[in-house]
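What follows is the residue order along each chain.
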Amino acid sequence: MTFETVSENKCFGGTQGVYKHTSQELGCDMKFAVFTPPQAEDDTRPVVFWLSGLTCTEENFTVKAGAQRAAAELGLVIVAPDTSPRGDDVPDDADSYDFAKGAGFYLDATRQPWSKNYRMYSYVTGELPALIFKHFPAQADKQGIMGHSMGGHGALTIALKNPDTFSSVSAFSPIVAPSQVPWGEKAFTGYLGDDRSAWADYDATALVESGKRFDGEILIDQGTADNFLEEQLRPEIFADACAKAAQKLDLRMQPGYDHSYFFIASFIEDHLRHHAEALAAG
């Protein structure tokens with residue numbers, strides 16, 4: 001439960017920090033970013049976990065999303081971990097951007113050699129929050145989760161599987177049905193094996209179809225000019241499952257927006273207000 005400070009910068013009256021610790025769950029050193037709002041000087045604050053997408057680290061969201069101004073106003077702590085285990089001893093696939101390092105898919109791998117280190121589900125739901133609540137002014141009873149693309153997939157599945165932990169959830173351009181698209185099929189085969197029944201535990205659409213529910217509205221923003229929309233993201237599959245299951249969903253198709261952080265920056269304040277409202281009511 002110890003960590004070291006990589007950097008800290010004053011930001012909108014709060015502090016944007018980057019930290020490093022040795023993860024027992026992942027068997028390697030991991031970086032994570034934390035924004036603490038100015039209100040945290042006096043009391044613990046609600047916390048929102050951000051999960052990034054393929055090829056990203058903790059840095060992408062921290063420097064590109066422009067979340068700190070609204071988070072400071074709303075009094076939200078934001079935690080942004082890396083997307084996979086790192087280090088020379090961690091197995092990798094150097095020929096792939098969508099598998100292995102930078103592509104942990106927020107699951108616990110069961111196939112060798114990945115199962116030793118690729119345990120991002122347990123890291124994000126267990127080890128990292130425990131460290132945050134021990135050392136940072138975040139409220140364990142007021143947690144939200146959000147993410148982008150692969151991270152949107154992670155946010156949705158984690159929220160659906162842990163509705164007593166998370167009071168709010170949102171996503172940008174999430175991979176909502178990974179079992180039915182190339183990104184997910186590649187990752188799940190590699191990490192979990194060929195038995196597709198094992199994939200359902202990490203598939204938001206399959207979770208809703210199996211009876212999992214989130215007590216609250218799920219917010220999703222999806223750009224219509226996203227070049228991954230038709231092949232990899234397919235939000236209509238999740239929307240149909242939610243409609244049939246009476247799961248509350250606000251799917252907003254945003255005309256002309258793509259898959260980039262320009263898109264995320266355009267709507268991040270909406271998402272943070274969505275979380276702040278839900279966490280205040282929780």
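One can find the structure itself at the top, above this paragraph.
Quick caveat, the model's predicted, so the values are computed rather than measured.

A. Up close: the pattern of salt bridges. Scanning the model with the defined rule gives 13 salt bridges in all. Between Arg-196 and Glu-185 there is a salt bridge, with its nearest N and O atoms 3.1 Å apart. Residue Arg-196 is found in the loop between helix H5 (182–192) and helix H6 (204–209), and its partner Glu-185 is found in helix H5; the two are separated by eleven residues along the sequence. Salt-bridge contacts for Arg-252 lead to Asp-221; the nearest nitrogen and oxygen are separated by 2.7 Å.

B. The pairing of strand S2 (residues 14–23), seen in detail. Most of S2 is tucked away, with seven of its ten residues classed as buried. Here strand S1 (residues 4–11) pairs with S2 via seven bridges, running antiparallel. Paired with Glu-8 across the bridge in S2 is Gly-17. Two elements, S2 and strand S3 (residues 28–36), share nine bridges in a ladder whose sense is antiparallel. Note on S3: the bridge partner recorded for Ser-23 is Cys-28. Hairpin connection of S2 to S3: four residues between the antiparallel strands, including Gly-27 at a positive phi of 70°.

C. Representation of the environment of Ala-280 within the structure. Residue position: Ala-280 is located in helix H9 (residues 261–281). For Ala-280, a relative accessible area of 64% corresponds to the exposed category. In this structure the C-alpha to C-alpha distance between Ala-280 and Asn-60, which are 220 residues apart in sequence, comes to 28 Å.

D. Looking closely at the layout of surface pockets. The space that makes up the largest pocket amounts to roughly 160 Å³. Split into classes, the residues belonging to the lining of the largest pocket amount to six nonpolar, five polar and no charged.

E. Representation of the sheet that holds strand S4 (residues 45–51) in the model. Across the sheet, which stays open at both edges, the nine strands sit in the order S1-S2-S3-S5-S4-S6-S7-S8-S9 with mixed pairing between neighbours. Of all strands in the sheet, those with a lone pairing partner are S1 and strand S9 (249–254), marking the two edges. The sheet shows a mean angle of 20° between the axes of neighbouring strands, taken without regard to direction. In the packing of helix H4 (residues 150–161) onto the sheet, the strands contacted are S4, strand S6 (138–148), strand S7 (166–172) and strand S8 (218–223), and the crossing angle to S6 comes to about 140°.

F. Local environment of empty space enclosed by the protein. Within this structure, the stated rule accounts for one cavity of 30 Å³ or more. By volume, the largest cavity is sized at about 60 Å³. Residue lining of the largest cavity: Gln-16, Ala-33, Val-34, Phe-35, Phe-61, Thr-62, Ala-67, Gln-68, Ile-78, Val-79 and Ala-80, and that is the complete set. At the level of secondary structure, the elements contributing two or more residues to the lining of the largest cavity comprise S3, helix H1 (58–64) and strand S5 (77–81). A per-class count over the lining of the largest cavity returns eight nonpolar, three polar and no charged.

G. Representation of helix H8 (residues 235–245) in the model. Within the sequence span of H8, burial applies to Pro-235, Ile-237, Phe-238, Ala-241, Cys-242 and Ala-245. The buried residues of H8 all sit within an arc of 160° when viewed along its axis, so they share a single face. For H8, the exposed residues lying more than 90 degrees away from the buried face are Ala-243 and Lys-244. Packed against the buried residues of H8 are H4, H6, S8, helix H7 (229–233) and S9. Downstream of H8 by one or two residues, Ala-246 has phi in the positive range, about 60°.

Definitions and limits used
- Each chain carries its own residue numbering, running from 1 in the direction its sequence is written.
- Since the coordinates come from a predicted model, pLDDT governs what is reported: local features require at least 70, and pairs of side-chain atoms require 80 or more to be given and counted, while whole-chain, interface and lining totals use all residues.
- Hydrogens and waters are ignored; side-chain quantities use all the structure's heavy atoms.
- We define a salt bridge as a contact between a side-chain nitrogen of Lys or Arg and a carboxyl oxygen of Asp or Glu at a distance within 4 Å.
- Numbering of helices and strands starts at the N terminus; helices are DSSP runs of H or I of at least 4 residues and strands are runs of E of at least 2.
- The buried label goes to any residue with under 20% of its type's maximum accessible area, the exposed label to any with over 50%, and the partly exposed label to all in between, with areas taken from a 1.4 Å probe on protein chains only.
- Here a strand pair is declared whenever DSSP counts at least two bridges between the two strands.
- Using a grid of 1 Å spacing that covers the protein atoms alone, one calls a set of points a cavity when a 1.4 Å probe fits there but cannot get out, and a pocket when the set is open and has protein on both sides within 12 Å along at least five of seven lines; lining residues are those with an atom within 4 Å of a point.
- Grid points are joined across faces, edges and corners, and a volume is the space filled by probe spheres set on the points.
- Each residue gets one label: Ala, Val, Leu, Ile, Met, Phe, Trp, Tyr, Cys and Pro are nonpolar, Asp, Glu, Lys and Arg are charged, and the others, such as Gly, are polar.
- For helices, the fitted line uses only the C-alpha atoms of the stretch in contact; every axis is such a line through C-alpha atoms, and the angle between N-to-C directions lies from 0 to 180 degrees.
- Whether two residues are in contact is decided by their heavy atoms, any of which lying within 4.5 Å being enough.
- The reported arc concerns the directions from the helix axis to the C-beta atoms and nothing else.

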